[in-house]
Every structure is written in structure tokens, then in C-alpha cells.
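One-letter residues, chain by chain:
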Amino acid sequence: MPEININHLDKQQVELLAEMCILIDENDNKVGADTKKNCHLNENIEKGLLHRAFSVFLFNTENKLLLQQRSDAKITFPDCFTNTCCSHPLNNPSELEENEAIGVRRAAQRRLKAELGIPLEEVSPEEIYYITRFHYKAQSDSIWGENEIDCIVEMGMVTSNVLHVGTENGTPVPLFRSSPVDVFLIHFDRFLIVFEDP
Ligand SMILES: [Mn+2]
């Protein structure tokens, strides 16, 4: 197996490669666990290594979908535009729990805070809804790629509070200023048109 050189990669992203993802079979049954790094190496994907993931679609009260542009420090698919947040439930008891996809919904809450700065209390797992699952397999470059079963979860905002994170001199501070990534709102109808005809 050739040595994978990760010295040029972002330090924080490299640390995240040690996280333990959940290995699954093609029916999304847990069969084991492995590092995020091993799960995303094409050479392992070619041998059939498959892991559990999720994609969050977050809407505001005007039916606008929150999109993000992935950081240029990301190891897979840097700079790409994507839905609100995509990541993995981890191999711990809380996020492994499968009843009504609660583990995935807890992971979604964790990552909405980490990636977008959305307070945990604004996105409780009870208000995140499981929609469906699909198999996503794609190469990012010659070394890294994806092979995962993605749970699609959706959350509609009852209020637009989630687009504000705290206050500054009594004025709400918008998510757009505090988020570590670039985010955009797009009306869902427009999103579907772009998706069909990019
Ligand atoms: Mn993945």
C-alpha cells in the first residue's frame, strides 16, 4: 500500500481524519468502524469499504434553503457548493442509535454547530426530520473519495432566529458573519432549477 502524504493538508482537517466512522453493509447495517481517513481513501473504496453519512437541508420560513461553499481546506471536494451540511455520525453510543435515525439526527445537530455556528438549542434532534437514504459514491481526486449511504434529514425553521447567532449591542448578529464557511440562501424552487440545469 503506497504511503499517503498528508503533510500538505490543513492541520485541523488532518486531525479530523482520526475520527471513527461507522462501517456498514449495503443495507445500512453496522459491520464495524474505521477512521475517517481509511473510509475516504479510493484504494479502500475500491475494495468495498462503505460508511454511514448524512446530508442536512435547512430551510427558513420563506422556503429558502441554506447552502454552503465548502472550505478550500477540505480534503475532499474543496470549494464545492453543497447543501447545508454533510458529515458522518461517529462510532459512539449516542450517534450509533438507530431508532428513528436518532443517532444521525444527533450528529446533524453537532455538525450544524461546528460548521455553521448554529446554537445546539436552535436545532434540536426532535425537530430534524429523516427523509430518505441514498448511496453516494464519487472520486474527489486520485487519492480521496466518497462511498457512503447518506441519510437525508431536513429541518424547517419555525422562526428565522437560526439565521442569527447571539446579539451585539442588542442587534442580532447574522449567521453569515459568524459562520466559518460561506453560506447562501436560495429559494428552493430556484435550487431545483439550478440542480436540473446547472
Ligand atoms: Mn464520507
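By the naming in an unreviewed UniProt entry, the protein chain is isopentenyl-diphosphate Delta-isomerase, taken from Octodon degus. Per UniProt, the comment on the protein chain under Subcellular location (unreviewed entry) is "Peroxisome". According to UniProt, the comment filed for the protein chain under the heading Function (unreviewed entry) is "Catalyzes the 1,3-allylic rearrangement of the homoallylic substrate isopentenyl (IPP) to its highly electrophilic allylic isomer, dimethylallyl diphosphate (DMAPP)."

A.B. asks: Can you explain the overall build of the protein chain? Please cite residues and give values.
C.D. replies: Looking only at helices and strands, the protein chain features seven helices and 11 strands. Contacts in the protein chain between residues far apart in sequence, at least 24 positions, make up 61% of those at least 6 positions apart. Summed over all atoms, the accessible surface of the protein chain reaches about 10700 Å², with 51% contributed by carbon and sulfur.

A.B. asks: Hey, could you go over the coordination of the manganese ion for me, with residue numbers and the actual values?
C.D. replies: Protein-derived ligands of the manganese ion are His 40 (NE2), His 51 (NE2), His 88 (NE2), Glu 146 (OE), Glu 146 (OE) and Glu 148 (OE), with the metal-ligand distances lying across 2.1 to 2.6 Å. Each of the six donor atoms around the manganese ion contributes to a set of angles spanning 54 to 170°, which defines the coordination as irregular. Counting the intervening residues between successive donors of the manganese ion yields the motif H-x10-H-x36-H-x57-E-x1-E. With His 40 in the loop between α2 (36-39) and α3 (42-45) and His 51 in strand β3 (residues 51-59), this pair connects stretches of sequence that are 11 residues apart. Of the two residues examined, His 40 and His 51, each falls in the buried class.

A.B. asks: Can you lay out the pattern of salt bridges for me, pointing to particular residues and giving the numbers?
C.D. replies: Scanning all chains against the criterion turns up seven salt bridges. Across the pair Arg 106 and Glu 97 runs a salt bridge whose closest N-O atoms are separated by 3.0 Å. The class of Arg 106 is partly exposed, set by a relative accessible area of 26%.

A.B. asks: If you had to explain the state of the cysteines to someone new, which residues and values would you point to?
C.D. replies: Enumeration over the complete set of coordinates arrives at zero disulfides. Cys 86 forms no disulfide, and the closest cysteine sulfur to it belongs to Cys 85, at a distance of 6.7 Å.

A.B. asks: Tell me about the environment of Glu 154, and please be specific about residues and values.
C.D. replies: Along the chain, Glu 154 falls in strand β8 (residues 145-156). Given the relative accessible area of 23%, Glu 154 is considered partly exposed. Distance from Glu 154 to Ser 55, taken between C-alpha atoms, is 8.4 Å for residues 99 residues apart in sequence. Excluding residues that lie within four positions of it along the chain, Glu 154 makes contacts with Phe 57, Phe 59, Glu 127, Ile 128, Tyr 129 and Ile 131.

Conventions we followed
Residues numbered from 1 in each chain as written. Predicted model: local features only at pLDDT ≥ 70, side-chain atom pairs only at ≥ 80, totals over all residues. Heavy atoms only, no water. UniProt positions renumbered as here; feature names shortened; annotations may be inferred. Helix = DSSP H or I, 4+ residues; strand = E, 2+ residues; numbered from the N terminus. Contact = heavy atoms within 4.5 Å. Areas by Shrake-Rupley, 256 points an atom, 1.4 Å probe, with all protein chains shown as cover. Donors = N, O, S within 2.8 Å, 3.2 Å for Na, K, Ca; no water. Tetrahedral: all angles 85-135°; square planar, octahedral: opposite > 155°, others 65-115°. Buried < 20%, exposed > 50% of the residue type's maximum accessible area, 1.4 Å probe, protein only. Salt bridge = Lys/Arg side-chain N within 4 Å of Asp/Glu carboxyl O. Disulfide = S-S within 2.5 Å.

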